[in-house]
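Observations on the three-dimensional arrangement
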Amino acid sequence: MKIIVCVKQVPDTSGKVAVNPDGTLNRASMAAITNPDDLNAVEAALSLKEQTGAEIIVVSMGPPPAEGMLREVMARGVDRAVLVSGREFGGSDTYATSQILAAAINKIGVGPEDIVMCGRQAIDGDTAQVGPQIAEKLGLPQVSYAAEIKKDGDTLTIKRMLEDGYMTIKVKTPCLITCIKELNTPRYMSVNGIFECYAKPYEIFDYNTLKDDPLIDPSTIGLKGSPTNIFKSFTPPQKGVGMMLEGADKATCDKLAGILAAKHMI
Ligand SMILES: Cc1cc2nc3c(=O)[nH]c(=O)nc-3n(C[C@H](O)[C@H](O)[C@H](O)COP(=O)(O)OP(=O)(O)OC[C@H]3O[C@@H](n4cnc5c(N)ncnc54)[C@H](O)[C@@H]3O)c2cc1C
């Protein structure tokens, strides 16, 4: 059994987000980290590995420096890493990204007992579209927003988070799951893991490696194959000065309620 986990390297947007004078994101001034939800997916895969002895393979599409992130997840216990990297893949939107990642997962191979995992959402693109699109392109059933995963034979019972509660879904392998932070607490790298990660198998899939997959075509990948293009990016305008209401009488309270209701806040 294999568990293939998609991990993305993202700029750390939790601190101060730096913006260039032209309004674009200043990626160079922010540390590159592993997307947080993807660490929950890796942790879920590691606990399934402890129960089943599964092999875990991480896949990331990005530039060569993403190797550092892939070594880090291998130091946590992942068995193998694949970096999908090539100039032809640059500028991909979510459609093209999922097209390329699905081709890479096809190359690794999804068997009847296997599971593909993604984070719910990347903190830079923030679309939460890539996981479900990969499932569509691989023809796999998908369960998103997984907050608990239990495996019994070829059936997974997944507690899926909704806005106002949970639903429990049973799904058979092979399937794709997108993971959220409520699922678990990611473990740290171990000292042995750090020593061992440099000896673990690490492969690069470039355009030539994937070009024979029917999903890979110049019209479906990269900037040219992306149905959406970022036309303009800008920093949201700052909110104006606050408003003070004084008094504890009913008229003031009614006024406050009216203002909040008009802004759809209550
Ligand atoms: C140079 C450049 C040009 C771009 N141009 C466009 C554009 O023209 N139009 C546009 O709409 N967007 C564009 N993007 C944004 C890009 O499409 C998204 O960053 C990417 O598609 C992933 O979407 P997301 O970040 O919203 O991921 P989400 O859908 O939020 O991610 C969900 C999960 O999918 C997996 N995942 C996502 N991306 C990867 C990855 N690269 N490798 C491995 N796993 C992954 C992870 O498990 C992640 O948790 C561009 C990005 C770059 C760097």
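Residues numbered from 1 in each chain as written. Predicted model: local features only at pLDDT ≥ 70, side-chain atom pairs only at ≥ 80, totals over all residues. Heavy atoms only, no water.

Focus: the site of the ligand
Selection rule: Residues are classed as near a molecule or strand on a simple rule: at least one heavy atom within 4 Å of it. Distance and chemistry together define a polar contact, namely a pair of N or O atoms within 3.5 Å, with one atom able to donate a hydrogen and the other to accept it when in protein, and with adjacent residues in sequence counting only for side-chain atoms on both sides. In short, Shrake-Rupley with a 1.4 Å probe defines the accessible areas, and a residue's cover is counted only from the protein chains shown. Going along the chain from the N terminus, every DSSP run of H or I of four or more residues is numbered as a helix, and every run of E of two or more is numbered as a strand.
Close to the ligand lie 29 residues; Cys-6, Lys-8, Asp-38, Ala-122 and Thr-127 are nearest. Measuring from an oxygen atom of the ligand, one finds a side-chain N or O atom of Thr-127 at 2.6 Å. The contact in question runs from an oxygen atom of the ligand to an N or O atom on the side chain of Thr-228, over 3.0 Å. For the ligand, whose unbound accessible area comes to 950 Å², protein coverage reaches 80%. Among the elements of the structure, strand S4 (55-61), helix H3 (94-108) and strand S6 (115-119) are those that each provide at least two residues to the shell around the ligand.

Re the side chain of Asp-93
Convention followed: Three exposure classes are used, based on accessible area relative to the maximum for each residue type with a 1.4 Å probe and protein chains only: buried under 20%, partly exposed in between, and exposed over 50%. Positive charge is attributed to Lys and Arg, negative charge to Asp and Glu, and no charge count is given to His or to the chain ends. For salt bridges, the criterion is a side-chain nitrogen of Lys or Arg within 4 Å of an Asp or Glu carboxyl oxygen. Should any heavy atoms of two residues lie within 4.5 Å, those residues are counted as being in contact.
Mapped onto the fold, Asp-93 is located in the loop between strand S5 (80-84) and H3. There is no salt bridge for the buried Asp-93, and the closest opposite charge comes from Lys-137, which lies 7.3 Å off by N-O distance. A polar contact of 3.1 Å, which involves the side chain of Asp-93, links it to the backbone nitrogen of Ala-96. A distance of 2.7 Å separates polar atoms of two side chains, one belonging to Asp-93 and the other to Thr-228. Beyond its immediate chain neighbours, meaning those up to four positions away, Asp-93 contacts Ser-226, Pro-227 and Thr-228.

Details of the pattern of salt bridges
What the rule picks out here adds up to 13 salt bridges. For the salt bridge of Asp-114 with Lys-2, the shortest nitrogen-to-oxygen distance reads 2.8 Å. Placement of the pair is Asp-114 in the loop between H3 and S6 and Lys-2 in strand S1 (residues 2-6), with a sequence separation of 112 residues. This pair shows no difference in class: Asp-114 is buried, exactly as Lys-2 is. Its salt-bridge partner being Asp-254, residue Lys-250 comes within 2.9 Å of it at the nearest N-O pair. Taken together, the positions of Lys-250 and Asp-254, both in helix H7 (residues 250-262) and four residues apart, correspond to about one turn of that helix. You can call Lys-250 exposed: its relative accessible area is 62%. Connected through shared salt-bridge partners, Glu-43, Glu-50 and Arg-187 make up one network.

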